Amino acid sequence: MRYGGNTPCIEVSFPDINRLIIIDAGSGLRELGNELMTRGQPVEAHLFLTHTHWDHIMGFPFFVPAYVPGTHIRVYGPVTYEEDTLEKVVGGQMTYRYFPIREAELAANIQYFSLKEEVMDLGDGIIIKTKYLNHPVLCLGYRIEYQGKVFCTAYDTEIFRNVFITDPEHPDYDAEMATEGEQVAAEQNGMIEKFYQDADLLVHDSQYTQEEYEQKFTGWGHGYIEYVCAAAQRSQVKKLALFHHDPLRTDEQIDGFKEKYCNEEYCGDTETFFAKEGMIVEL
Ligand SMILES: [Zn+2]
Ligand SMILES: [Zn+2]
């Protein structure tokens, strides 16, 4: 419960302007909503979803400000299947089939906007850029720029791999295809590294260790610690938060990983840590 305990939800706030950005509506959104209620101001939130897997939207029905008149929530996110709009996927959790309150009964003003790869000007000098990641559904990384500071997210995502056969002994091996596949994967990985180039803080999927990834979880859509640390270093990321821990990990295991990975050998000049419940990072 020191690491994890809730599914993804990140609050981004600004020191000098009253703007609220939330990334993902995992179960952590419930606690954030309770905390927002104590601030005594109408909630005006921009909620950016990385994707609509359930661990990233399940907190939405439990977000108390959504039940308060005067709240305004703009929900943004990628849509994988045209017929399943964001409103249907996210707001659809509030139908009597799943929940005692229907979305139509919510007091807040809630708007939905579907996103692709794009650049958005949110006003007050806040710029948001998005980038498709590598996950079984459309999933976006976010890059928020404000007054020379850069905050990035890259989760849920897996390293792009060569999809062609690379073993020359294999009967279907095709040297040209194998080389091309290698190039395409390297290019796509490079584009993601470029997306978080020079970030002051990068929050990155690091669900597995390299050993776990190679033995069991290749193709599951998640990253591994060794690769993430090396990639962040290549991109001159200043601070790296390892995020989206495997749900079965104990705090003790992660403390052990911290000893092993959060050092110069794996991370160079990038200051690396495992994201904790309720952690505040200032840029
Ligand atoms: Zn996912
Ligand atoms: Zn996830």
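Residues numbered from 1 in each chain as written. Chains lettered and ligands numbered in written order. Predicted model: local features only at pLDDT ≥ 70, side-chain atom pairs only at ≥ 80, totals over all residues. Heavy atoms only, no water.

K.L.:
With reference to specific residues and values, describe the coordination of the zinc ion (ligand 1).
P.N.:
Around the zinc ion (ligand 1), the protein contributes the donor atoms His51 (NE2), His53 (ND1), His135 (NE2) and Asp156 (OD), which lie 2.2 to 2.3 Å from the metal centre. Taken in sequence order, the residues that donate to the zinc ion (ligand 1) follow the motif H-x1-H-x81-H-x20-D. Separation of the zinc ion (ligand 1) from the zinc ion (ligand 2) amounts to 3.5 Å, with Asp156 serving as a shared donor to the pair. Of this pair, His51 sits in the loop between β3 (44-48) and β4 (72-77) while His135 sits in the loop between β7 (126-132) and β8 (140-146); the two residues are 84 residues apart in sequence, bridging distant segments of the chain. Each member of the pair, His51 together with His135, is buried. (Donors = N, O, S within 2.8 Å, 3.2 Å for Na, K, Ca; no water. Helix = DSSP H or I, 4+ residues; strand = E, 2+ residues; numbered from the N terminus. Buried < 20%, exposed > 50% of the residue type's maximum accessible area, 1.4 Å probe, protein only.)

K.L.:
Please provide a residue-by-residue account of the sheet that holds β4, values included.
P.N.:
Across the sheet, 5 strands lie side by side as β1-β2-β3-β4-β5; this open sheet has mixed pairing. Where the open sheet ends on each side, the last strands, each with one partner, are β1 (10-13) and β5 (109-114). Direction aside, the axes of adjacent strands within the sheet are offset by 20° on average. Pairing analysis gives 4 bridges linking strand β2 (residues 20-23) to β3, with the strands arranged parallel. In the strand pairing of β3, Ile21 is matched with His46. (Pairing = 2+ DSSP bridges. Axes fitted to C-alpha atoms, helices over the stretch in contact; angles between N-to-C directions.)

K.L.:
Tell me about the coordination of the zinc ion (ligand 2), and name the residues and values.
P.N.:
For the zinc ion (ligand 2), every protein donor is listed as Asp55 (OD), His56 (NE2), Asp156 (OD) and His244 (NE2), and the spread of their distances is 2.1 to 2.3 Å. Coordination at the zinc ion (ligand 2) comes from 4 donor atoms whose angles at the metal span 91 to 164°, giving a geometry best classed as irregular. Of note, the donors binding the zinc ion (ligand 2) are all from one chain and are spaced D-H-x99-D-x87-H. (Tetrahedral: all angles 85-135°; square planar, octahedral: opposite > 155°, others 65-115°.)

K.L.:
I'd like to hear about helix α1 (residues 28-38), residue by residue, with values.
P.N.:
Residues of α1 that are buried: Gly28, Leu29, Leu32, Gly33 and Leu36. Taken around the axis of α1, the buried residues stretch over an arc of 135°, which confines them to a single face. Those residues of α1 that are buried lie in contact with β1 and β2. Looking one or two residues past α1, Gly40 carries a phi angle of roughly 70°, positive in sign. (Arc of directions from axis to C-beta. Contact = heavy atoms within 4.5 Å.)

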